[in-house]
Amino acid sequence: FGMAPSSSSFMPPPTTPGGGAEGGGDGDDDEPQRPPSPSYKEKVADESDHEVVLLKVKCKFFTKKENNDPWADHGVNYLEFLKEKVPGEGMTVKRSRIVCRNSIGKAVMNAGLYANMSVQVAAGKAAPDGSTKKAGIIVNLHNAVEDNVRTITLIRMGREEDVDALKNLIEGNNGE
């Protein structure tokens, strides 16, 4: 409508934090840090909680119903190993459970531990020197999110220390 594009005074050229015009980068550095989803707020522990978190780690888990079935990928989630607090001196119920939540906080796995639960360490890919590192664990779980059907579950974690910690927690807390 008759105005030259350069005469627009209300639209300054985009600038970088250094003050110059934007060159041609990918622009990801200029985007401000986004807050977490408003629907998921990380829970802060207080005295009214009935459970204590013994382990919280990022993991990827897979399930299958039978040994010869293919693994179903459930993506990257946040695993919490929860144990009931001892409510009083007369009550000794101390059940444990494993909960995995997705990035918005929805539980995708909620499985209680039971007596005589077997835990296998899953080995990762072989290193050039022939050694393998612990990549995760394989357990039989009854996932409440999937109608309590028994599933063979592979929980993969990035660090061997996390694998050892989860294995020890399951072996030390199952069936109590």
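Just so it is clear, the structure is predicted and the values come from calculations on it, not from any experiment. (Residues numbered from 1 in each chain as written. Predicted model: local features only at pLDDT ≥ 70, side-chain atom pairs only at ≥ 80, totals over all residues. Heavy atoms only, no water.)

**Concerning the overall build of the protein chain**
Moving on, step 1. Check the secondary structure of the protein chain and you find one helix and seven strands.
Moving on, step 2. Mapped from its N terminus to its C terminus, the protein chain presents α and β elements in the order β-β-β-β-β-β-β-α.
Moving on, step 3. Per-residue burial for the protein chain yields a buried fraction of 27% across its 176 residues.
Moving on, step 4. Contacts in the protein chain between residues far apart in sequence, at least 24 positions, make up 48% of those at least 6 positions apart.
Moving on, step 5. Of the accessible surface of the protein chain, which amounts to about 12100 Å², a share of 53% is contributed by carbon and sulfur atoms. (Helix = DSSP H or I, 4+ residues; strand = E, 2+ residues; numbered from the N terminus. Buried < 20%, exposed > 50% of the residue type's maximum accessible area, 1.4 Å probe, protein only. Contact = heavy atoms within 4.5 Å. Areas by Shrake-Rupley, 256 points an atom, 1.4 Å probe, with all protein chains shown as cover.)

**Looking at the pairing of strand β4 (residues 107–112)**
Moving on, step 1. Taken together, the five bridges between strand β3 (residues 96–101) and β4 define a ladder with antiparallel strand orientation. Paired with Cys100 across the strands is Met109, a residue of β4.
Moving on, step 2. Following β3, the chain reverses through five residues before pairing antiparallel with β4; Gly105 in that reversal takes a positive phi of roughly 95°. (Pairing = 2+ DSSP bridges.)

**Thoughts on the pattern of salt bridges**
Moving on, step 1. Within this structure, the stated rule accounts for six salt bridges.
Moving on, step 2. Salt-bridge contacts for Lys60 lead to Asp73; the nearest nitrogen and oxygen are separated by 3.4 Å. Here the residue Lys60 occupies a position in strand β1 (residues 51–64), and Asp73 occupies one in strand β2 (residues 72–84), the gap between them amounting to 13 residues.
Moving on, step 3. With a shortest N-O distance of 3.2 Å, Arg159 and Asp162 are connected by a salt bridge.
Moving on, step 4. Here Asp162 falls in the buried class, since its relative accessible area comes to 12%.
Moving on, step 5. Several salt bridges converge on common partners, so that one network encompasses Arg159, Glu161 and Asp162. (Salt bridge = Lys/Arg side-chain N within 4 Å of Asp/Glu carboxyl O.)

**So, the confidence of the model for the protein chain**
Moving on, step 1. Of all residues in the protein chain, 66% have pLDDT values of 70 or greater, and the mean over the chain is 75.
Moving on, step 2. Within the protein chain, the lowest mean pLDDT, 81, falls on strand β5 (residues 119–126), and the highest, 90, falls on β3.
Moving on, step 3. Across residues 7–12, confidence stays below pLDDT 50; counting only partners more than four residues off in sequence or on other chains, it has zero contacts. (pLDDT = per-residue confidence, 0-100.)

**Some details on helix α1 (residues 160–173)**
One turn of an α-helix holds 3.6 residues; hence residues three or four places apart share an orientation.
Moving on, step 1. The first and last C-alpha atoms of α1 sit 20 Å apart over 14 residues, in line with the 20 Å expected at 1.5 Å per residue.
Moving on, step 2. Buried within α1 we find Asp162, Val163, Leu166, Lys167, Leu169, Ile170 and Asn173. When α1 is viewed along its axis, its buried side chains cluster within an angular range of 165° and face the same direction.
Moving on, step 3. At its buried positions, α1 is contacted by β1, β2, β3, β5, β6 (132–143) and β7 (149–157). (Expected span 1.5 Å × (residues − 1). Arc of directions from axis to C-beta.)

**Observations concerning the nonpolar core**
Moving on, step 1. One finds Leu79, Phe81, Met109, Ile137, Ile155, Leu166 and Ile170 to be the most contacted residues of the largest nonpolar core, which totals 23 residues.
Moving on, step 2. Residue assignment for this core shows that the elements contributing at least two residues are β1, β2, β3, β4, β6, β7 and α1.
Moving on, step 3. Ile155 has contacts with Cys59, Lys60, Phe61, Leu79, Met109, Ala135, Gly136, Ile137 and Leu166, leaving out every residue within four places of it along the chain. (Core = buried A, V, L, I, M, F, W, Y, C linked by side-chain atoms within 4.5 Å.)

**A look at the environment of Asp73**
Moving on, step 1. On the basis of relative accessibility, which here comes to 46%, the residue Asp73 falls in the partly exposed class.
Moving on, step 2. Measuring from C-alpha to C-alpha, the distance between Asp73 and Phe61 comes to 6.5 Å, with twelve residues separating the pair along the chain.
Moving on, step 3. Not counting residues up to four positions away in its chain, the partners in contact with Asp73 are Lys60, Phe61 and Phe62.

**Remarks on the packing of aromatic side chains**
Moving on, step 1. With the rule as written, the count across this model stands at zero aromatic pairs.
Moving on, step 2. A cation over an aromatic ring shows up here: Lys64 above the ring of Trp71, its NZ or CZ 4.4 Å from the ring centre. (Phe/Tyr/Trp six-rings, centres within 6.5 Å; stacked < 30°, edge-to-face > 60°. Lys NZ or Arg CZ within 6 Å of the ring centre and 35° of its normal.)

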